[in-house]
Amino acid sequence: MSKIIGIDLGTTNSVVAVMEGGEPVVITNPEGGRLTPSVVAFTKTGERLVGQVAKRQAVTNPENTVFSIKRFMGRKFDEVNEEMKMVPYQVVRASNADARINAQGKEYSPPECTTSAAARSTSQSSRWAKASSR
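We now turn to the structure provided with this report. (Residues numbered from 1 in each chain as written. Predicted model: local features only at pLDDT ≥ 70, side-chain atom pairs only at ≥ 80, totals over all residues. Heavy atoms only, no water.)

**What to know about the side chain of Asn102**
Thought 1: With respect to the helices and strands, Asn102 occurs in strand 9 (residues 99-103).
Thought 2: For Asn102, a relative accessible area of 19% translates into the label buried.
Thought 3: A distance of 3.3 Å separates a polar atom in the side chain of Asn102 from the backbone nitrogen of Gly105.
Thought 4: The contacts of Asn102, once residues within four sequence positions are left out, are Glu63, Gln90, Val92 and Glu107. (Helix = DSSP H or I, 4+ residues; strand = E, 2+ residues; numbered from the N terminus. Buried < 20%, exposed > 50% of the residue type's maximum accessible area, 1.4 Å probe, protein only. Polar contact = N/O pair within 3.5 Å; in protein donor to acceptor, adjacent residues only side chain to side chain. Contact = heavy atoms within 4.5 Å.)

**Side note on the environment of Thr36**
Thought 1: Mapped onto the fold, Thr36 is located in strand 4 (residues 36-37).
Thought 2: For Thr36, a relative accessible area of 4% gives the class buried.
Thought 3: Spatially, the C-alpha atom of Thr36 lies 5.1 Å from that of Ser14, the residues being 22 residues apart in sequence.

**Description of the pattern of salt bridges**
Thought 1: Enumeration over the complete set of coordinates arrives at seven salt bridges.
Thought 2: Where Arg100 meets Glu107, a salt bridge forms, and the shortest distance between an N and an O atom there is 3.2 Å.
Thought 3: Looking at Glu107, the relative accessible area reads 36%, which means it is partly exposed.
Thought 4: Ionic pairing is found between Glu112 and Arg100, a salt bridge with its closest N-O pair at 3.6 Å. Highlighted residues: Glu112 in helix 3 (residues 110-132) and Arg100 in strand 9, separated in sequence by 12 residues.
Thought 5: For Glu112, a relative accessible area of 34% translates into the label partly exposed. (Salt bridge = Lys/Arg side-chain N within 4 Å of Asp/Glu carboxyl O.)

This is the structure in structure tokens:
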């Protein structure tokens, strides 16, 4: 029987759930929590951190820790002046006038940042599927 897995990539948190016996069941993340912060951090060494570990280091690396990225999704730089005031990371104008994030000297589009969180959730659901098929 095929497995039904749902992933909610929220602005603040993300969650992965599966259908078991006709009921949704939330899968815990590797840290044991049911919710994973929708946060991506870029370190000096080039590592990309996602979730709780990214959120924890935000105190010491705020300008390279991206959260609430969905507020910038599909929007032009000139449209996000108020949103830019609410985040410590640098929002820059892309060559096509879109809003982009500058972290550790490299530009990222909002979808690129969201993809990191999605990859983490997909990995979480894959681990569950493998474990439950044993």
